[in-house]
Protein chains: 4
Amino acid sequence: MTTVAIVYHSGYGHTEALAKAVAEGVKRGGATANIIKLESAAQDFTAALDAVSAADAVIFGSPTYMGDVSVPLRAFFEASSKVWFTQGWKDKLAAGFTVGATFGGNKDHTLTSMIVLSMQHGMLWSGPGVPNAQINRNSDAGANVPNRIGSALGVVTQADNAAADVTPPEGDREFARLHGERIAKLAAKLEA
Amino acid sequence: MTTVAIVYHSGYGHTEALAKAVAEGVKRGGATANIIKLESAAQDFTAALDAVSAADAVIFGSPTYMGDVSVPLRAFFEASSKVWFTQGWKDKLAAGFTVGATFGGNKDHTLTSMIVLSMQHGMLWSGPGVPNAQINRNSDAGANVPNRIGSALGVVTQADNAAADVTPPEGDREFARLHGERIAKLAAKLEA
Amino acid sequence: MTTVAIVYHSGYGHTEALAKAVAEGVKRGGATANIIKLESAAQDFTAALDAVSAADAVIFGSPTYMGDVSVPLRAFFEASSKVWFTQGWKDKLAAGFTVGATFGGNKDHTLTSMIVLSMQHGMLWSGPGVPNAQINRNSDAGANVPNRIGSALGVVTQADNAAADVTPPEGDREFARLHGERIAKLAAKLEA
Amino acid sequence: MTTVAIVYHSGYGHTEALAKAVAEGVKRGGATANIIKLESAAQDFTAALDAVSAADAVIFGSPTYMGDVSVPLRAFFEASSKVWFTQGWKDKLAAGFTVGATFGGNKDHTLTSMIVLSMQHGMLWSGPGVPNAQINRNSDAGANVPNRIGSALGVVTQADNAAADVTPPEGDREFARLHGERIAKLAAKLEA
C-alpha cells in the first residue's frame with residue numbers, strides 16, 4: 001500500500017490542524033498517512049528520517065516564521081544530510097504546506113526551501129494543482145474556498161490570531177485535503 | 001535634485017495605475033519621478049536604459065504573468081547587459097512593484113527576478129518597509145489598507161477582473177505611494 | 001511510447017548543444033525526444049505549445065542571461081497561459097537545463113523560474129539527481145565530470161567564450177544526457 | 001564611527017575564516033567590525049540581536065548545509081522576530097556570505113534566505129558588486145581570483161574537504177574582504 005509521510009512542526013497548532021487535513025486527504029486518495037511531528041532542533045531525528053525512508057512520498061509542513069521554515073524543520077532538513085550521502089530518498093515524491101498570519105509573508109520562500117531540500121535528495125516535487133479560487137479579492141477574503149491565496153508551489157494558507165479550531169478557515173483546510181489526496185494518487189502512480 | 005526612474009510595463013492598465021501612484025510617492029518624498037513605459041520586447045531600449053543611468057534610483061514595475069515579470073520587462077533586463085559590462089548602474093538604489101489577479105500567484109518570484117537583476121548590476125535593493133495591514137484576513141480582504149497582502153520584497157498588489165480605475169483598491173495604491181516616498185528619501189541619503 | 005518535449009532557446013549554440021545531449025539521453029532512456037527550438041519573443045508559439053501538450057514530459061532549456069531565462073523562453077512561458085486556463089499540462093513531468101559564462105551567474109534563479117512556471121501548470125518537477133562531481137575544486141575545474149558545479153534544481157553547465165563545438169565541456173554534456181535519461185524513465189513510470 | 005556587525009555560524013572553521021576576511025575588509029573600508037559568532041539554535045540570542053541593533057550595517061555568514069543557512073543562523077533569524085515587531089533594524093544595510101563544498105549547492109538559496117529576512121526587517125540589501133573573475137572555467141578553478149564562481153547576491157565561496165587554513169583559497173578570501181570594504185563604505189554613506 002502507498003504510504004505518505006507527513007513531517008511537520010507546529011508552533012501554535014495551526015500547522016498541526018493542516019497536517020491533520022493533509023492526512024485526511026491522503027486517506028481519501030487511498031494511501032496510508034504516517035504523521036511525524038517535530039518538536040525541537042535538539043531532538044533525535046532518527047525516527048523521523050526513517051519514516052520518510054520507509055514512505056513512498058513525503059509532505060513537509062511548517063509555519064512560516066520570518067519568511068522561512070521554522071527551526072525544527074530546518075534542523076530536520078540539515079539532519080537529512082546523512083540520508084543525502086546515499087541518496088536514500090531518490091525518486092520519492094515530495095510536497096509541502098505552510099501557514100502564516102498574512103496572505104504573503106514570503107510563504108513562497110518557505111516552500112522554495114522545501115523544494116531545494118527535495119531536489120538535493122533527488123526527489124520529485126509536486127504542487128497542489130488546484131485552480132485559484134474564483135472570488136473578488138477586493139471585497140472577499142475567500143475563507144470557504146480552496147486556494148483563496150492563489151498558490152502553486154504548495155499549499156499556502158493563512159491563520160488569524162486565534163485558536164487552531166477556528167483558523168485557518170475551512171477553505172484552507174479543504175485545500176490541504178485536496179493536496180494530500182493528489183500526492184497519495186501521484187505516489188501510487190510512481191510506485192506502480 | 002534626486003531623480004527616481006520608474007520603469008514599467010502594463011498589460012491592462014493596472015500596473016500603470018500603480019506606476020502613477022509610485023510617482024506620486026516619489027514626489028511626496030521630495031524627488032523627481034521619471035516615468036518610462038515599456039511597450040514591447042522588440043522596442044529600442046536605449047532611452048529607457050539611459051533614463052536609469054541618469055537617475056539616482058530605479059523602481060521596476062510589472063504585472064505578474066505566469067509567475068514572473070512580463071516579457072517587455074524581461075527584454076529590458078536582458079538589454080541592460082550592455083550597461084552591466086561597465087557596471088554603469090553600480091550603487092544605485094533599486095526597488096519594485098507588481099500586481100496580479102490573486103494574493104499569491106508567485107508574485108514574490110517576480111520581485112526576486114527584479115532583485116537578481118539589480119544585484120547583477122551592483123545596485124542596492126530596498127523593500128517597502130511597510131508593516132503588514134492589521135486586519136482579520138479570514139473575513140476581510142483589506143482593500144483600504146496598505147500592505148493587505150503582507151509583502152516585504154516589494155509592493156505586491158492585487159487587481160480584480162475590472163478596469164484600472166476601480167482596481168487595485170485604494171489601500172494598494174497608497175502602499176505604492178509609500179514605497180515611492182521611501183525610495184526617494186533613501187536615494188537622497190545615498191546621493192548625499 | 002513515452003515522448004519528451006525539449007523546448008529551448010539558444011543564443012550562440014551552447015544551449016542547442018546541450019539540448020542535443022539531453023535528447024540523446026532521452027533516447028538512452030527509451031523515449032522519443034521531440035526537440036522544439038524557440039527563435040524569438042515575436043514568433044507564433046502554437047506549435048511549441050501543442051508539442052508540449054502532446055508529450056508526457058517537457059524539459060526546458062535556456063541560456064542564463066542577466067540571471068534568468070532568455071526572452072524567447074519567457075515569451076513562451078507567458079503564451080502558455082492559454083493552456084494554463086484549462087490546466088492542459090497538469091500531471092506532466094517537467095525539468096530544465098541552463099548554461100552561462102560562469103559557475104554561478106544566478107543560474108539557479110533561471111531554473112527556479114522554470115519550476116514556478118511548471119507548478120503554475122500543475123506539473124511535477126524533477127532535478128537531475130546526479131551526485132556532485134568528486135573533484136578538488138580549488139585546483140580542478142572538473143570539465144570531464146558530470147555535475148562539476150554541484151547543481152540540484154536542474155542541469156547547470158558553463159560555457160567559455162568559444163564555439164559550441166568545444167564548450168561546454170564533455171562532463172557538462174554527459175550531465176545533460178543523464179538528465180534526459182532520468183526524465184524519460186520517470187515519465188514512463190508516471191505514464192504507466 | 002560606522003559599525004558593521006558580522007553575525008555568523010561556522011561548522012568547521014571555513015565560514016569563520018571568511019568572517020575574519022570580511023572583518024578585514026570592513027576595517028579597510030574605514031569602519032569598525034563587530035564580530036558575533038553564533039554557536040547553537042539553543043543559545044540566548046539577546047547579545048547578538050543587540051549587536052545588530054547597535055550597528056549601522058550587518059553582514060550575515062553561514063555555511064550552506066543542504067541548500068540553505070545552517071540551523072544556528074536560522075534560529076537567530078527566527079529570534080529576530082522580537083526586533084521585527086518594532087522594525088528596530090529598519091533602514092540598516094544588510095549583506096551576506098556563504099561557503100560550501102561545491103561551486104553550486106544552492107548557495108544562492110542561502111543568500112536569498114538572508115535577503116528575505118532582511119526585507120522583512122525593512123533593511124536594504126547589497127551584493128558584492130565585484131565583476132566575475134576573468135578565467136577560462138573549462139580548465140581553471142580560479143582559486144586566486146575574487147569572484148571565481150560569478151556570484152551577485154552575496155559572496156559565494158567554495159571550500160574543499162581540508163582545514164580552514166588552506167581552503168577556501170585566497171581569491172575567495174579577497175572576495176570576502178572586498179565585500180566587507182564595500183558594505184563599510186555604503187553604510188557610511190547611508191549614515192551620513
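Refer to the structure printed above.
Residues numbered from 1 in each chain as written. Chains lettered and ligands numbered in written order. Predicted model: local features only at pLDDT ≥ 70, side-chain atom pairs only at ≥ 80, totals over all residues. Heavy atoms only, no water.

Notes on the packing of aromatic side chains
For the coordinates displayed, the defined rule picks out 26 aromatic pairs over all chains. An aromatic cluster is present here, built from A:Phe45, A:Phe60, A:Phe76, A:Phe77 and A:Trp89 joined pairwise through their rings. Geometry around D:Phe103 places C:Arg137 over its ring, the cationic atom sitting 5.8 Å from the centre. (Phe/Tyr/Trp six-rings, centres within 6.5 Å; stacked < 30°, edge-to-face > 60°. Lys NZ or Arg CZ within 6 Å of the ring centre and 35° of its normal.)

Re unusual backbone geometry
The residue after A:Thr167, namely A:Pro168, is reached through a cis peptide bond having omega 5°. Along the chain, A:Pro168 turns up in the loop between β6 (155-158) and α6 (170-191). One non-glycine residue, D:Asp91, adopts positive backbone phi at about 75°. Here D:Asp91 shows up in the loop between α4 (81-84) and β4 (93-100). (Helix = DSSP H or I, 4+ residues; strand = E, 2+ residues; numbered from the N terminus.)

Considering the interface of chain A and chain B
By a frequent convention, interface size equals the accessible area lost on bringing the separate parts together. Contacts between chain A and chain B engage 26 residues on the former and 26 residues on the latter. Contact between chain A and chain B buries roughly 1,900 Å² in total, counting both sides, with carbon and sulfur atoms accounting for 46%. There are zero salt bridges connecting chain A and chain B. At the surface where chain A touches chain B, the tally comes to 16 residue pairs in polar contact (both at pLDDT 80 or more). Of the residues belonging to the side of chain A that touches chain B, the class tally is 10 nonpolar, 11 polar and five charged. (Contact = heavy atoms within 4.5 Å. Buried area = accessible area lost by both parts, 1.4 Å probe. Salt bridge = Lys/Arg side-chain N within 4 Å of Asp/Glu carboxyl O. Polar contact = N/O pair within 3.5 Å; in protein donor to acceptor, adjacent residues only side chain to side chain. Nonpolar A, V, L, I, M, F, W, Y, C, P; charged D, E, K, R; others polar.)

Brief notes about the relation of the copies chain A and chain B
Turning chain A through 180° and shifting it by 0.0 Å along the axis lays it on chain B, with an RMSD of 0.0 Å. Expressed as a symmetry operation, the mapping of one chain copy onto the other fits a two-fold axis. Among all C-alpha atoms of chain A, that of A:Ala141 lies closest to the rotation axis, at 2.3 Å. A share of 100% of interface residues in chain A that are also interface residues in chain B marks the association as one of identical surfaces. (Least-squares fit on C-alpha atoms with pLDDT ≥ 70 in both.)

So, helix α5 (residues 107-120) of chain A
Residues and elements named next belong to chain A. In a regular helix each residue adds 1.5 Å, so 14 residues correspond to 20 Å; α5 covers 20 Å between its end C-alpha atoms and thus fits that length. Burial within α5 is extensive, with 14 of its 14 residues counted as buried. Just downstream of α5, Gly-122 is the residue with a positive phi angle, here 70°. (Expected span 1.5 Å × (residues − 1). Buried < 20%, exposed > 50% of the residue type's maximum accessible area, 1.4 Å probe, protein only.)

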